[in-house]
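Per-entry structural report
Take a look at the letters that make up each chain.
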Amino acid sequence: TLVASSPAYFRGFTLIALKEGREGDQDEDYAGHFQIIDEEDTQFMTNCPPAVTESTPRRRTSIHVLWTAPPSGSGCVTL
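Residues numbered from 1 in each chain as written. Predicted model: local features only at pLDDT ≥ 70, side-chain atom pairs only at ≥ 80, totals over all residues. Heavy atoms only, no water.

1. As for unusual backbone geometry
For the peptide bond that leads from serine 6 to proline 7, omega is 10 degrees, which places it in the cis range. Here proline 7 shows up in the loop between strand 1 (2-3) and strand 2 (14-15). (Helix = DSSP H or I, 4+ residues; strand = E, 2+ residues; numbered from the N terminus.)

2. Quick notes on the packing of aromatic side chains
Within the structure shown, the criterion is met by 1 aromatic pair. Relative to phenylalanine 13, the ring of phenylalanine 10 has its centre 6.1 Å away and its plane inclined at 90 degrees; by these criteria the two rings are edge-to-face. (Phe/Tyr/Trp six-rings, centres within 6.5 Å; stacked < 30°, edge-to-face > 60°.)

3. What to know about the sheet that holds strand 6 (residues 52-54)
Ordered in space as 2-6-5, the 3 strands form an open sheet in which the pairing is antiparallel. With partners counted over all chains shown, the strands left at the sheet margins are strand 2 and strand 5 (42-44), one partner each. Judged from the 3 bridges that link them, strand 5 and strand 6 form a sheet pairing that is antiparallel. Bridged to threonine 42 within strand 6 is glutamate 54. (Pairing = 2+ DSSP bridges.)

4. Quick look at the environment of lysine 19
Structurally, lysine 19 is set in strand 3 (residues 18-19). Residue classification places lysine 19 among the partly exposed residues on the basis of a relative accessible area of 28%. Expressed as a C-alpha distance, the spacing of lysine 19 and aspartate 29, which sit 10 residues apart in the sequence, is 5.6 Å. When near neighbours in sequence (up to four residues on either side) are disregarded, lysine 19 contacts Glu28, Asp29, Tyr30, Ala31 and Cys76. Of note is the side chain of lysine 19, whose polar atom sits 2.9 Å from the backbone oxygen of glutamate 28. (Buried < 20%, exposed > 50% of the residue type's maximum accessible area, 1.4 Å probe, protein only. Contact = heavy atoms within 4.5 Å. Polar contact = N/O pair within 3.5 Å; in protein donor to acceptor, adjacent residues only side chain to side chain.)

Any functional reading would require information that these geometric values do not contain.
Right under this line is the structure:
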């Protein structure tokens, strides 16, 4: 869950999970995977499918996605 404290809001966001020290330019750089809960608010990025972004740039105070972590022992993750 990504939340803005009242009275703040946000219009856009990007969520990505990378293995520590990786840049995201190779498939094996990504850690775990996201699952979209509400397609009205979130979608997978067109140019970076492992990442999640807004469906439309509008004011919002929260979004919800599920993230499944990589297997134990896979190392640290940067979100």
